[in-house]
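Structural features, examined
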Amino acid sequence: MPGSWTLGIVKPDAVAGRKMGAILARIEERGFRLAAGRMVRLGVPEARAFYAVHRERPFFDELVEFMTSGPCFPVALEREDAVAAFRAVIGATNPADAAEGTIRRDFAESMGRNAVHGSDSDENALREIGFFFTEADLARLAG
Ligand code: UDP
Ligand code: MG
């Protein structure tokens, strides 16, 4: 039975650190189907738009600088209860607070350079998947 959707991103720290393969393996092991993925180098306007909800936060400029510092790898993920299940797999924003066995605990460097993104609601998941992938991509890659 098809599940629900979330958007994950292997962030630039993890791509540069050659942790992407291990992170994608972990995601698959936890029951997610990798429906689409591609290597992307975000520009500043794109990163600002993706994280627009955080534009008033003190860490916004640093976040945009980090997310544009190198390639990242967005993935459209399908699983039962995808948003909550993926948040559980990635762990707390700050790796120091992330539970054992979570991706951030095992791969993140710091609160800012924290290896992965995960959508925080079904509504945002669809917006964020649409940021990187078209309906046609998902239909063409479906299986
Ligand atoms: N972030 C940061 N400092 C903070 C909070 C967040 O650098 O105090 C960065 C971090 O990379 C985080 C991203 O901004 O993943 C988005 O923040 P959010 O609160 O949405 O955390 P997430 O949903 O990624 O756990
Ligand atoms: Mg968030």
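What counts and what doesn't
Throughout this description, residue numbers start from 1 for each chain and increase along the sequence as written. Whichever chain is written first becomes A and whichever ligand is written first becomes 1, with later ones labelled in order. Reporting of local features is limited, given that this is a predicted model, to residues whose pLDDT is at least 70; pairs of side-chain atoms are given and counted only at 80 or more, and all residues count toward the totals for whole chains, interfaces and linings. As a rule here, side-chain values come from all non-hydrogen atoms in the structure, and water together with hydrogens is ignored. Here the nonpolar core consists of buried residues drawn from Ala, Val, Leu, Ile, Met, Phe, Trp, Tyr and Cys, with membership extended through side-chain atoms lying within 4.5 Å. Buried residues are those whose accessible area, probed at 1.4 Å on protein chains only, stays under 20% of the maximum for their type, while exposed residues exceed 50% and partly exposed ones sit between those limits. Strands here mean DSSP runs of E at least two residues long; helices mean DSSP runs of H or I at least four residues long; both are numbered from the N terminus. Residue contacts are counted whenever heavy atoms from the two residues lie within 4.5 Å of one another. Pairing of aromatic rings covers Phe, Tyr and the six-membered ring of Trp, with a centre-to-centre limit of 6.5 Å; geometry is then stacked below 30 degrees between planes, edge-to-face above 60, and tilted otherwise.

The biggest cluster of nonpolar side chains holds 21 residues, and the ones touching the most others in it are Val-10, Ile-23, Leu-24, Ile-27, Phe-32 and Ile-103. At the level of elements, α1 (12-16), α2 (20-29), β3 (73-79), α5 (82-90) and α6 (103-107) are the ones that each hand at least two residues to this core. The greatest single-element share of this core, amounting to five residues, is contributed by α5. Those residues within four positions of Ile-27 in sequence are excluded, and the remaining contacts are Phe-32, Leu-77, Phe-86 and Ile-103. Grouped together as the second largest cluster of nonpolar side chains are 18 residues, Phe-60, Phe-66, Phe-132 and Phe-133 included.

This next bit is on the packing of aromatic side chains. Taken as a whole and judged by the stated rule, the model has five aromatic pairs. On the numbers, 5.4 Å between centres and 80 degrees between planes, the contact of Phe-32 with Phe-86 is edge-to-face. With Phe-32 in the loop between α2 and β2 (33-37) and Phe-86 in helix α5, this residue pair connects regions lying 54 residues apart in the sequence. For Phe-32, a relative accessible area of 5% corresponds to the buried category. Taking the relative accessible area as the measure of exposure, Phe-86 reaches 1% and is therefore buried. Plain terms: the ring middles of Phe-50 and Phe-132 are 5.5 Å apart, the flat faces sit at 50 degrees to each other, and that makes the pair tilted. On the criterion of sequence distance, the pair formed by Phe-50 in helix α3 (residues 44-50) and Phe-132 in helix α7 (residues 122-132) is long-range, its members being 82 residues apart. Of the two residues, Phe-50 and Phe-132, both sit in the buried class.

The residue Arg-18 is not glycine, and still its phi comes out positive at about 60 degrees. Mapped onto the elements of the fold, Arg-18 is located in the loop between α1 and α2. For Ala-115, which is not glycine, the phi dihedral falls at a positive 75 degrees. Among the structural elements, Ala-115 can be located in the loop between α6 and β4 (116-118). With a relative accessible area of 0%, Ala-115 lands in the buried category.

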